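Here is how the chains run, residue by residue.
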Amino acid sequence: MRLPALCLLVVLCPFAALAEQPVLEISGANFRPMPLAVAAPLTQDDGAKKPAAEFDAALMYDFTACGLFQVLDRKGYLSDAKEGVTATAIKFDNWANIGADSLVKTQLSVDGELLRGDLRLFTVAAGREELKVSESVSAKDPRRLAHKLANAVYKHFTRETGPFETHIVFVKKNGAGRDIYLADWDGRNAAGVAVGNINVLPALMPDGGGAAFTSYRRGKPELFSARVGQDPAPLVFAGRMVSGVAYSPDGKRIAYSVSDGENAEVWTAAADGSGQRKLTDTRYFLNSSPTWAPDGKRIAFVSNRAGNPQIYVMSSADGSGVKRVTFQGNYNQTPDWSPRGDLIAFTARDERNAFDLFTINVDSGKVTRLTQDSGNNEEPAFSPSGRLILFTSTRGGTRHPYVMTFDGNNQVPLPIDKGDYSTPDW
Amino acid sequence: MLSVAGHVVVVVLGLVLSWVLAGPKVELDTPPIKATLVRLGKPRDEKLLPRKEEAPPPPKREAEPVPLPAPAAVPIPSKNAKPEKKARDERKSLFDALNKTARAAPPEELEGAADGDPHGDAAKQEGERYYALITSLVKRNYDVSDTIPEAERRTLHAVVAIRVGTSGELLDVQLKHGSGNALFDSAVLSSVKKTAPYPPPPAHLKDGLKSNGIAFDFTP
């Protein structure tokens, strides 16, 4: 009898150890930028010396503003500025001692009318070359060379295309008028799209070559489109006040707002302005600021049908299925739908009357604050990848464009002249 | 008969020992517990837009004593000195008046709950308080390199199991479920180790945390 009891005891006792562990959820990782050292470019001939400064400035800005890296201050570098660019020539201890995880070395040379850049990326701890890439561009455009090389580094780490060769549009105040410019992602190389009169609320064309926008050039707000170097052409009139255009993700349609006396409604049309269709129909209320979901099936917009401006979504086909999205705050405006589909960024006025940027998760409704206690921050525009947000901020005194990560980190001003900027698009 | 029974016992013992050495079982399909530690404070009106959660301030250092200034030498007034006393008195009275009306901005009151925890970092409490406390502590050390590709982040998922002693000492750490990304696995293990020693568990959790331990389900 003792033996069966003993067997039973031996078998049963360990079951206590098989009891399940409680499992706690941990999310919200602190994604820290990778400490990156970027050595000043070496020039292999005299012709490369002149564009080197512009190239260097653009490369440093690209790495700093993309949110992926913590670019280490060159004042702290221990290695000689003339140190070589190959693994055998580099004293990796010097870079490790300043906290660099990765190191970028570049060389510039001129070949006729072309400026050539060779970039090497090293892992400091292993002392190993990870990436070697060369690009050539017109010698007149050293910043473009920097953007190409930065994209190669970005893609090496993230396996995604970087933002550095994309374009933005923005409005800049010019006396009593407002002009629209198309520029590189960093605001440089700006070219006029609509200069003279009052031109506002631009929407970048899907191919990045121009913009659709609202203009008062004929006395009342109407939609026009223009490419750099071409005169603006009328897009939609409807005989009334038309504003706030947004292109669909496939570029084949536009959404906009038409004001008619006491109300304003959201309409859609083909990209050339034909086939206009009204989506909202609310007497005495204002519906405006449409933005497309990345699949093109829904549109988010602002409506005051609940008594104050809030954000709603509806079907882009016929305006059905209207659903209110924001329930916190009493003044929510300028929505922009992330190309990833999960978030809508918007401007809101909080209980302290400060304008700040927020995102709302479309599925869960969770609202996340992106800016705070830094002047007024408005008019968000997601980058094509959805990883970054372009916006305007008065934190520096004047309204200036800034870029930050989609979760509100790494807020960096665009390296352009001070002025009064507004309503950027990306 | 006795020999057969003996063989059975040895086989059973062998099987049982192998189960015991494998450790407590982590059910990966069971939804993890979400626990947040509410800070001590006033609840925020739910109709208001959220505020950004700030990291708790570092502990204050004791200020070094400020040396008293040496007394100023009193000038010997000259026979022909002009009376400046009146101008100085006017300036002083103006500054005193301004100082009386000036008020320092009141420190911002972080929202929480009346019964919140001084170490809390969230506006709302969820779950068992001890679990919420250690979740909050591990999160502070949850640093991951930003270079992990975006596409990969969405699917990253790792589970780390620990056992905690009665005084909060870290007894054991195991990666129960790897994410497939070495950087992420290294980061989650590091976050759990850096948090040690943990706060001493309360009486009703001591034995369980020492014998079975607890697991953390990490997602980015």
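Further up the page is the structure itself.
Computed from a predicted structure; not experimentally measured.

Caption draft 1: Examining the overall build of chain A more closely. Each helix and strand counted, chain A has four helices and 32 strands in total. Taken along the three principal axes of its C-alpha coordinates, chain A extends 90 × 85 × 40 Å. The burial tally for chain A puts 50% of its 426 residues in the buried class. Considering only contacts in chain A between residues 6 or more positions apart, those separated by 24 or more positions represent 39%. Just so you have it, chain A exposes about 18400 Å², and 49% of that area is on carbon and sulfur atoms. Charge-centre separation for chain A: the mean point of 47 positive side chains lies 2 Å from the mean point of 48 negative side chains.

Caption draft 2: Highlighting the overall build of chain B. The helix and strand tally for chain B stands at six helices and four strands. The secondary structure elements of chain B, listed N-terminal to C-terminal, are α-α-α-β-α-β-β-α-α-β. Across the 220 residues that make up chain B, the buried fraction comes to 31%. Here chain B displays about 15000 Å² of accessible surface, and carbon together with sulfur accounts for 61% of that area.

Caption draft 3: Structural view of the pairing of strand β4 (residues 214-218) of chain B. Buried residues dominate β4 of chain B, accounting for five of its five residues. Pairing geometry for strand β1 (residues 23-26) of chain A and β4 of chain B, over four bridges, is parallel. Note on β4 of chain B: the bridge partner recorded for Ile-26 of chain A is Phe-218 of chain B. Here five bridges tie strand β2 (residues 158-164) of chain B to β4 of chain B, and the two strands are oriented antiparallel to one another. Within β4 of chain B, the position partnered with Ala-161 of chain B by the bridge is Ala-215 of chain B.

Caption draft 4: Region of the structure containing the sheet that holds strand β25 (residues 343-349) of chain A. Residues and elements named next belong to chain A. An order of β24-β25-β26-β27 is seen for the four strands of this open sheet, with the pairing classed as antiparallel. Strand pairing shows two members of the sheet lacking a second neighbour, β24 (332-337) and β27 (367-369), which therefore form its edges. Neighbouring strand axes in the sheet, compared pairwise and without regard to direction, differ in orientation by 30 degrees on average. Sheet topology note: the strand β26 (residues 355-361)/β27 ladder contains three bridges and is antiparallel. Bridge pairing in β27 places Phe-358 opposite Arg-369.

Caption draft 5: Fine view of the pattern of salt bridges. Taken as a whole and judged by the stated rule, the model has 21 salt bridges over all chains. Of the charged contacts in the structure, one is a salt bridge between Glu-130 of chain A and Arg-128 of chain A, with a shortest N-O distance of 2.9 Å. When salt bridges that share partners are traced, they join Asp-350, Asp-356, Arg-369 and Asp-373 of chain A together with Arg-51 of chain B into one network.

Caption draft 6: The nonpolar core, seen in detail. Counting residues in each nonpolar core, the largest one holds 55 residues, and the members touching the most others are Phe-63, Phe-69, Trp-95 and Val-403 of chain A. If we ignore the near neighbours within four places in the chain, the residues touching Phe-63 of chain A are Leu-36, Val-38, Phe-69, Val-71, Val-104, Ala-150 and Val-153 of chain A. Of all hydrophobic cores here, the second largest spans 29 residues; its members include Tyr-130, Val-160, Ala-187 and Val-188 of chain B.

Caption draft 7: Layout of the pairing of strand β21 (residues 298-303) of chain A. Residue and element names in this part refer to chain A. In terms of burial, β21 is largely enclosed, as five of its six residues are buried. Strand direction decides the pairing type here: strand β20 (residues 287-292) and β21, joined by four bridges, are antiparallel. Residue pairing in the sheet places Asn-287 in a bridge with Ser-303 of β21. With antiparallel pairing between neighbouring strands as the criterion, β21 and strand β22 (residues 310-315) make up a hairpin whose turn holds six residues, including Gly-307 at a positive phi of roughly 110 degrees.

Rules of the game
Residues numbered from 1 in each chain as written. Chains lettered and ligands numbered in written order. Predicted model: local features only at pLDDT ≥ 70, side-chain atom pairs only at ≥ 80, totals over all residues. Heavy atoms only, no water. Helix = DSSP H or I, 4+ residues; strand = E, 2+ residues; numbered from the N terminus. Buried < 20%, exposed > 50% of the residue type's maximum accessible area, 1.4 Å probe, protein only. Contact = heavy atoms within 4.5 Å. Areas by Shrake-Rupley, 256 points an atom, 1.4 Å probe, with all protein chains shown as cover. Lys, Arg positive; Asp, Glu negative; His and termini not counted. Charge placed at Lys NZ, Arg CZ, Asp CG, Glu CD. Pairing = 2+ DSSP bridges. Axes fitted to C-alpha atoms, helices over the stretch in contact; angles between N-to-C directions. Salt bridge = Lys/Arg side-chain N within 4 Å of Asp/Glu carboxyl O. Core = buried A, V, L, I, M, F, W, Y, C linked by side-chain atoms within 4.5 Å.

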